[in-house]
Amino acid sequence: MSSSNVSYSVWGIFENKKKISIEKIKNKINQNLNGPKFPIHITISSHFEGDKIEIINKLRIVSKKIKKFQIETKGYSYSKNFFQSIYLRVLLSKDLKLKKKILDNFLKPKKKIYKPHISLFYGHLSVKEKKLIISKFKKFNEKIIIKQLCLAENFENILKWKIIKKFNI
């Protein structure tokens with residue numbers, strides 16, 4: 001990261017009905033856990049740096065090339081990764097791969113590995129705790145429309161994220 005410890009990412013924002021459903025799940029999970037607060041989203045491209053105005057202009061151009069698209073969740077999961085502690089798995093479809101490739105070609109992110117997911121909790125818990133939390137929720141295998149792309153500033157060192165510009169697609 002740069003000396004300012006800020007990087008940028010592009011998030012997909014969901015249609016309102018699904019967004020509200022996922023927010024409710026996220027809020028229930030976080031109720032007693034004290035994890036960092038973050039907007040519900042799917043990261044499509046991440047870990048790029050540069051001049052904020054240039055990045056916004058690039059994203060304005062690329063957002064005109066991308067139309068609304070659908071993602072599909074495949075249930076809950078967890079990992080040891082702090083930022084993927086508890087999440088909804090997302091199918092890496094041909095369409096999602098294509099949208100990511102278009103964005104990455106414009107923005108040149110440093111991170112190459114892509115594991116699409118919708119984070120529900122950031123933090124460290126035991127595997128036992130994660131399994132117990134997930135077991136309390138009914139299956140969530142849903143198709144979700146991505147209606148906006150947004151540019152987020154990431155201050156991961158202090159666990160803060162800020163949406164700085166939204167683009168309807």
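Cut-off values and rules
Residues numbered from 1 in each chain as written. Predicted model: local features only at pLDDT ≥ 70, side-chain atom pairs only at ≥ 80, totals over all residues. Heavy atoms only, no water. Axes fitted to C-alpha atoms, helices over the stretch in contact; angles between N-to-C directions. Helix = DSSP H or I, 4+ residues; strand = E, 2+ residues; numbered from the N terminus. Left-handed = near helix turned anticlockwise from the far one by under 90°. Contact = heavy atoms within 4.5 Å. Nonpolar A, V, L, I, M, F, W, Y, C, P; charged D, E, K, R; others polar. Expected span 1.5 Å × (residues − 1). 1 Å grid on protein atoms, 1.4 Å probe; cavity = no way out; pocket = protein on both sides within 12 Å on 5 of 7 lines; lining within 4 Å. Points joined across faces, edges and corners; volume = space filled by probe spheres on them. Buried < 20%, exposed > 50% of the residue type's maximum accessible area, 1.4 Å probe, protein only. Arc of directions from axis to C-beta. Polar contact = N/O pair within 3.5 Å; in protein donor to acceptor, adjacent residues only side chain to side chain.

Draft legend 1. The arrangement of the packing of helix α2 (residues 52–63) against helix α3 (residues 94–107) in detail. Close contact between α2 and α3 brings their axes to 10 Å; oriented N to C, the two are set at 145°. Judged by the twist between their axes, the crossing of α2 over α3 is right-handed. Every residue of α3 that contacts α2 at Ile-55, Lys-58, Leu-59, Ile-61 and Val-62 is listed here: Ile-102, Leu-103, Phe-106 and Leu-107. Tallied by class, the residues present in the contact of α2 with α3 amount to 8 nonpolar, no polar and 1 charged.

Draft legend 2. Molecular detail of α3. Taking 1.5 Å of rise per residue, 14 residues should cover 20 Å, and α3 covers 20 Å from first to last C-alpha, within 8% of that figure. Buried-residue contacts for α3 involve β1 (7–14), β2 (42–48), α2, β3 (69–78), β4 (86–90) and β6 (143–155). Where α3 terminates, the next one or two residues include Lys-108, which has phi positive at roughly 50°.

Draft legend 3. Inspection of the layout of surface pockets at higher detail. Quantified by volume, the largest pocket comes out at close to 410 Å³. Contributions of two or more residues to the lining of the largest pocket are made by β1, β2 and β5 (117–121). Tallied by class, residues from the lining of the largest pocket come to 7 nonpolar, 11 polar and 4 charged.

Draft legend 4. Geometry of α2. Here α2 contains 12 residues, and its C-alpha end-to-end distance of 16 Å stays within 8% of the 16 Å for a straight helix at 1.5 Å per residue. Regarding α2, the residues found buried are Ile-55, Ile-56, Leu-59, Val-62 and Ser-63. The buried residues of α2 occupy an angular sector of 130° when the element is viewed end-on, so they sit on one face. In this structure, α2 carries Ile-53 and Glu-54 as exposed residues pointing more than 90 degrees from its buried face. Along its buried surface, α2 packs onto β1, β2, α3, β6 and β7 (160–168). At the N-terminal end of α2, a side-chain oxygen is found 3.2 Å from the backbone nitrogen of Ile-53, two or three residues along, and the residue is Asp-51.

Don't take any of this as a statement about function, it's just geometry.
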